[in-house]
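Single-letter residue listing:
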Amino acid sequence: MSNLDYVPDATPDIARFKDLPKPSIRRHSRSEAKRRCPSCGHPSYRDKEFTRRLHDLGDLEANQPIDLEITYSQHHCSKCGKYFKSELDDLAAPYSHYTRRVIHQAVRVVVEDGLPYRSASWRLWHDHRVFVPWATIQNWVEASGKKSRDARQSDRSGSSAG
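Not measured: the values here are computed from a predicted model.

Got a minute to help me understand the side chain of S44 in this structure?
By secondary structure assignment, the location of S44 is in strand β3 (residues 43-59). Of the residues examined, S44 reaches a relative accessible area of 1% and is grouped as buried. When near neighbours in sequence (up to four residues on either side) are disregarded, S44 contacts A33, K34, R35, C37, H75, H76, C77 and F84.

Below you can see the structure in the form of structure tokens.
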């Protein structure tokens, strides 16, 4: 099969979230034995390790979502007594379940392509193999301040039904 052959979507009839393909897990480590304290600069040893799972843009060739499983460290400064964790801000916002790449793609699909939220949710699954509820996309777009008031009102009046 050449890379120009048409391959139909293997998931067009899926109606329930639990029927979606299981994600491929990609493990990464941000755990360090020692880090400098951001408050006082003192070298601080690792106190604990944690794991965080983030939904990322999927793998279209394998036809499945990708979840990043990040192991990161918490450190304790013996000088000032503060606890701090390895930085993950480049990957995801605090408490987010999605990578920044997914959020940027979702906002772009709504703002630049002009898609309603529900259509944007479907587009993210179809084109990027990441499932994002449409209400989550709406929260991201409104938090970004990118969508105009007129577009938000037209979404409320029914153009987002789908």
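So that's the structure; there's more coming.
For this particular structure, what's the right way to read the environment of R108?
Here R108 is to be found in helix α1 (residues 100-111). Sequence separation between R108 and V141 is 33 residues; the distance between their C-alpha atoms is 8.8 Å.

Any chance you could explain the packing of aromatic side chains here in plain terms?
Both the distance between ring centres and the angle between the ring planes are used here to describe each pair of aromatic rings. Going through the model one piece at a time under the given rule, you end up with two aromatic pairs. On the basis of an interplanar angle of 80° and a centroid distance of 5.2 Å, the ring pair of Y98 and W140 is categorised as edge-to-face. Of the two residues, Y98 sits in the loop between β5 (83-85) and α1 while W140 sits in helix α3 (residues 134-144), which places them 42 residues apart along the sequence. As far as burial versus exposure is concerned, Y98 and W140 are alike and both buried.

Cut-offs used in this document
- Residues numbered from 1 in each chain as written.
- Predicted model: local features only at pLDDT ≥ 70, side-chain atom pairs only at ≥ 80, totals over all residues.
- Heavy atoms only, no water.
- Helix = DSSP H or I, 4+ residues; strand = E, 2+ residues; numbered from the N terminus.
- Buried < 20%, exposed > 50% of the residue type's maximum accessible area, 1.4 Å probe, protein only.
- Contact = heavy atoms within 4.5 Å.
- Phe/Tyr/Trp six-rings, centres within 6.5 Å; stacked < 30°, edge-to-face > 60°.

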